[in-house]
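# Examination of the molecular architecture
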Amino acid sequence: MVDMEKSEQPRREKPRVIVTRELADAIHDRMGELFDVVPNLTDRAFTRDDLIAAMADCDVLVPTVTDNIDAEMIAGAPDRLKLIASFGAGVDHIDLAAARARQILVTNTPGVFTEDTADMTMALILSVPRRLAEGEKLMRSGLWEGWKPSGMLGHCIGGKKLGIVGMGRIGQAVARRASGFGLSIVYHNRRQLPPAVEESLNASYIADLDELIQTCDIISIHCPHTPETHELINADRIARMKPSTYLINTARGELIDENAMIEALQQEKISGAGLDVYTHEPAVDERLLKLKNVVLLPHMGSATFEGREASGERVIANIRVWADGHRPPDQVLEGWV
């Protein structure tokens, strides 16, 4: 028997959701079932004007790290916009203080890309000292003359000291991998981890970042980008590194003074770098392209089918919980880092 009281209640309209980049087909399909969704099937990056227009025409905006949403844009958004459900863990592309002032909720998708990014970090830790990119280019050039005792010599990583800057989910996942390769692991973090966690990771805490910088053979960066961490690895700290140091960054390009790093690489004041992120993406400094002691990747640390689909599912979950009148599980608060 039909419950007439319930059947006569007005149905809640589906929230209008605008997605700024093309996501996995399964995610688009599911969003289409649940929401009034406007996908970006061309995958053309939104301009500032595109973003402003989208924010004026939706209840929920689903941006990515390529979309810079500043205070002026948020202040000018109509009251209709209630949720920015960002695809990805980082939120440095969104002015959180401005969103909070307008009572616009912001969510992200933390933890989804942890293992994928840690895998890529470990690949760079192996690739740079062992000159894998140079070796691959040599093979494609047709100039390889065969094995010889002095050919393509690099450095082993076993027994070297790895310094992890930022010991959150990804930093810890890197530590677990690195331990299996015989690396000695130290880390710097805002807060020291519990002894049991340190023991499980075979990692030792160094409170002074400068001390870590000066003593490590490989330094891997895993911090969020905030005003406090902007160019955390600055010219002074790069100058403190040993000539044998390799610098790895799969977090955010802005964490390193890119110009100082390039000059140190050119002058062989550090041995090499493995980079998946850059200060002015998608632009890459031409000087980096000319360096043999650098492995460059196109921001692909999280680029797995599984990870991208999982991130989309988290976006959907956040929107559904919000639409049901509850606090989204991945709500980001100002001062979240």
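Per chain, residues are indexed from 1 in the order of the written sequence. With pLDDT at 70 or above as the cut-off, local features in this predicted model cover only qualifying residues; side-chain atom pairs require 80 or more to be listed or tallied, and sums for whole chains, interfaces and linings still use all residues. Excluding hydrogens and water, the side-chain figures rest on all heavy atoms present in the structure.

### Digging into the nonpolar core
Stated precisely, the cut-off is as follows: In plain words, nonpolar cores are sets of buried Ala, Val, Leu, Ile, Met, Phe, Trp, Tyr and Cys residues tied together by side-chain atoms within 4.5 Å. Relative accessibility decides the category of a residue: with a 1.4 Å probe and only protein chains considered, values under 20% of the type maximum give buried, values over 50% give exposed, and everything between is partly exposed. Numbering of helices and strands runs from the N terminus; a helix is a DSSP stretch of H or I covering at least four residues, while a strand is a stretch of E covering at least two. The contact criterion used throughout is that any non-hydrogen atoms of two residues lie within 4.5 Å.
Residues Ile219, Met261 and Leu288 are the most contacted members of the largest nonpolar core, which totals 30 residues. When contributions to this core are tallied by element, the ones reaching two or more residues are α10 (209-215), β9 (218-221), α12 (258-266) and β11 (272-275). With 5 residues, the single largest contributor to this core is α12. When sequence neighbours within four positions are dropped, the list of residues in contact with methionine 261 reads Ile238, Leu247, Ile256, Ala273, Leu275 and Leu288. By size, the runner-up hydrophobic cluster in this structure holds 25 residues, among which are Leu124, Ile157, Ala175 and Leu193.

### Examining the sheet that holds β11
Strand pairing in a sheet relies on backbone hydrogen bonds. The paired strands run either parallel or antiparallel. The criterion, for reference: Note on pairing: DSSP must find at least two bridges between two strands before they are called paired. Whenever a helix is involved, its axis is fitted only over the stretch in contact; in every case the axis is a line through C-alpha atoms, and angles between N-to-C directions fall within 0 to 180 degrees.
The 7 strands lie next to each other as β8-β7-β6-β9-β10-β11-β12, forming an open sheet whose pairing is parallel. Across the chains shown, the open sheet's two edge strands, defined by having one partner strand only, are β8 (203-205) and β12 (294-296). The mean inter-strand angle of the sheet, taken between neighbouring strand axes irrespective of direction, is 20 degrees. The sheet contact formed by strand β7 (residues 184-188) and β8 spans 3 bridges and is parallel. Across the sheet, residue valine 186 finds its bridge partner in β8, namely serine 204.

### Focus on the sheet that holds strand β1 (residues 16-19)
Strand order across the open sheet formed by 5 strands is β2-β1-β3-β4-β5, with parallel pairing between neighbours. Each having just a single partner strand, β2 (36-38) and β5 (105-107) make up the two edges of the open sheet. Each neighbouring strand pair of the sheet contributes to a mean axis angle of 15 degrees, computed without reference to strand direction. Relative to β5, strand β4 (residues 83-85) is paired through 3 bridges, and the arrangement is parallel. By the bridge assignment, isoleucine 84 is partnered in β5 with valine 106.

### Quick word on the UniProt feature "domain: D-isomer specific 2-hydroxyacid dehydrogenase catalytic" (unreviewed entry) in the chain
Stated precisely, the cut-off is as follows: UniProt positions are given in the numbering used here, feature names are shortened, and annotations may be inferred rather than shown by experiment.
Cross-referencing UniProt, the feature "domain: D-isomer specific 2-hydroxyacid dehydrogenase catalytic" (unreviewed entry) maps to residues 40-332 in the present numbering. Along residues 40-332 one finds 38% helix and 13% strand; the C-alpha atoms at either end are 24 Å apart.

### Considering the UniProt feature "domain: D-isomer specific 2-hydroxyacid dehydrogenase NAD-binding" (unreviewed entry) in the chain
UniProt tags residues 122-301 as "domain: D-isomer specific 2-hydroxyacid dehydrogenase NAD-binding" (unreviewed entry). As a span, residues 122-301 carries 36% helix and 16% strand, and end to end its C-alpha atoms are 10 Å apart.

### Quick look at the confidence of the model for the chain
This is how it is decided: For every residue, the predictor reports its confidence as pLDDT, a number between 0 and 100.
The share of residues in the chain with pLDDT of 70 or more is 95%, and the mean pLDDT across the chain is 94. Low pLDDT (under 50) marks residues 1-11, which in the prediction has 1 contact with non-local residues, meaning those over four places away or in another chain.

### Some thoughts on the packing of aromatic side chains
Where we set the bar: Here a pair means two rings of Phe, Tyr or Trp (six-membered ring of Trp) with centres within 6.5 Å. Their orientation is stacked below 30 degrees between planes, edge-to-face above 60, and tilted elsewhere.
Per the counting criterion, the structure on display carries 2 aromatic pairs. Relative to tyrosine 205, the ring of tyrosine 187 lies with its centre 5.2 Å away and its plane at 50 degrees, an arrangement referred to as tilted. With a gap of 18 residues between them, tyrosine 187 in strand β7 and tyrosine 205 in strand β8 connect regions that are remote in the sequence. What makes tyrosine 187 buried here is its relative accessible area of 0%. Judged by its relative accessible area of 25%, tyrosine 205 falls in the partly exposed class.

### Focus: the pattern of salt bridges
Quick note on the threshold: The term salt bridge refers to a pairing of a side-chain nitrogen on Lys or Arg with a carboxyl oxygen on Asp or Glu at a separation within 4 Å.
Within the structure shown, the criterion is met by 21 salt bridges. Of the charged contacts, one joins glutamate 115 and arginine 176 as a salt bridge, the two residues approaching to 3.4 Å between their closest N and O atoms. Note that glutamate 115 is positioned in helix α6 (residues 114-130) and arginine 176 in helix α8 (residues 169-180), a separation of 61 residues in sequence. Its relative accessible area of 44% is what places arginine 176 among the partly exposed residues. Across the pair arginine 140 and glutamate 136 runs a salt bridge, and its minimum N-O distance is 2.3 Å. Of this pair, arginine 140 and glutamate 136 both sit in helix α7 (residues 132-141), 4 residues apart, which is roughly one turn of that helix.

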